[in-house]
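One-letter residues, chain by chain:
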Amino acid sequence: MTAELMRERYEIQGGNFDTAGEISGEIKVILRDLGIDAANLRRLVVVAFEAEMNLVMYARRGTLTFILTDNEVNLEIRDEGPGIPDLELAFQEGYTTATDEMRELGFGFGMGLPNMKKNSDELKIETEVGIGTSVFARIRLDAHE
């Protein structure tokens, strides 16, 4: 049985680009202070940042929860948003539904879900158009040391 060592849940407001990235930054500090090695820390932060940005860019609101156990970190992201009409298309590098405004801010290059997939040991997405999206990502702490 894997012991849960820490659980943090963050509320994220959609459209708030002023604070976008702060939560993944906070998670980085917490995990770095706990001694998570650099390779796993980078993977975790990439997944958390991409999830946070997707929520800010597309959803009305949502939550990001990270759960640290003795051998993995799980990220659970739930949003109230438009959902993803074509998940297969959304996983193609470079595909984006970002607005011109989002791209002018430096976001929306179509790498969010591909980066999350590359940096997770397990990634599950459930989405319903008009309702929202739930994402589960697992990063094993012993997998890439």
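Residues numbered from 1 in each chain as written. Predicted model: local features only at pLDDT ≥ 70, side-chain atom pairs only at ≥ 80, totals over all residues. Heavy atoms only, no water.

Caption draft 1: The arrangement of the environment of Val56 in detail. In this fold, Val56 is placed in helix α2 (residues 38-58). Along the primary structure Val56 and Val135 are separated by 79 residues, whereas in three dimensions their C-alpha atoms are 14 Å apart. Setting aside chain neighbours within four positions, we find Val56 in contact with Ile12, Gln13, Gly14, Gly15, Asn16, Phe17 and Ala20. (Helix = DSSP H or I, 4+ residues; strand = E, 2+ residues; numbered from the N terminus. Contact = heavy atoms within 4.5 Å.)

Caption draft 2: Region of interest: helix α1 (residues 22-33). In this model α1 runs 17 Å from its N-terminal to its C-terminal C-alpha over 12 residues, within 8% of the 16 Å that 1.5 Å per residue would give. Listing the buried residues of α1 in full gives Ile23, Ser24, Ile27, Ile30 and Leu31. Looking straight down α1, one finds that the buried residues subtend no more than 120 degrees of arc, so they occupy a single side. Those residues of α1 that are buried lie in contact with β1 (4-13), α2 and β2 (61-69). Positive phi appears at Gly35, one or two residues downstream of α1, with a value of about 90 degrees. (Expected span 1.5 Å × (residues − 1). Buried < 20%, exposed > 50% of the residue type's maximum accessible area, 1.4 Å probe, protein only. Arc of directions from axis to C-beta.)

Caption draft 3: Here's a closer look at the packing of α2 against helix α5 (residues 112-119). Interaxial distance between α2 and α5 falls to 9 Å at its minimum, and their mutual angle equals 150 degrees. Here α5 runs roughly antiparallel to α2, going by the angle between their axes. Judged by the sense of rotation from one axis to the other, the crossing of α2 with α5 is left-handed. When α2 is examined against α5, the residues Arg42, Arg43, Val46, Val47, Glu50, Ala51 and Asn54 are found in contact with a partner set consisting of Gly112, Leu113, Asn115, Met116 and Asn119. For the contact of α2 with α5, the class distribution of residues is five nonpolar, four polar and three charged. (Axes fitted to C-alpha atoms, helices over the stretch in contact; angles between N-to-C directions. Parallel < 35°, antiparallel > 145°, perpendicular 65-115°, else oblique. Left-handed = near helix turned anticlockwise from the far one by under 90°. Nonpolar A, V, L, I, M, F, W, Y, C, P; charged D, E, K, R; others polar.)

Caption draft 4: Summary view of the side chain of Arg138. Locating Arg138 in the fold gives a position in strand β5 (residues 132-140). A distance of 3.1 Å separates polar atoms of two side chains, one belonging to Arg138 and the other to Asn74. (Polar contact = N/O pair within 3.5 Å; in protein donor to acceptor, adjacent residues only side chain to side chain.)

Caption draft 5: Representation of the side chain of Thr65 in the model. With respect to the element layout, Thr65 can be found in strand β2. Excluding residues that lie within four positions of it along the chain, Thr65 makes contacts with Arg7, Glu8, Arg9, Asn74, Leu75 and Glu76.

Caption draft 6: Examining the packing of aromatic side chains more closely. Per the counting criterion, the structure on display carries one aromatic pair. Over the aromatic face of Phe91 sits the side chain of Lys117, whose NZ or CZ is 5.6 Å from the ring centroid. (Phe/Tyr/Trp six-rings, centres within 6.5 Å; stacked < 30°, edge-to-face > 60°. Lys NZ or Arg CZ within 6 Å of the ring centre and 35° of its normal.)

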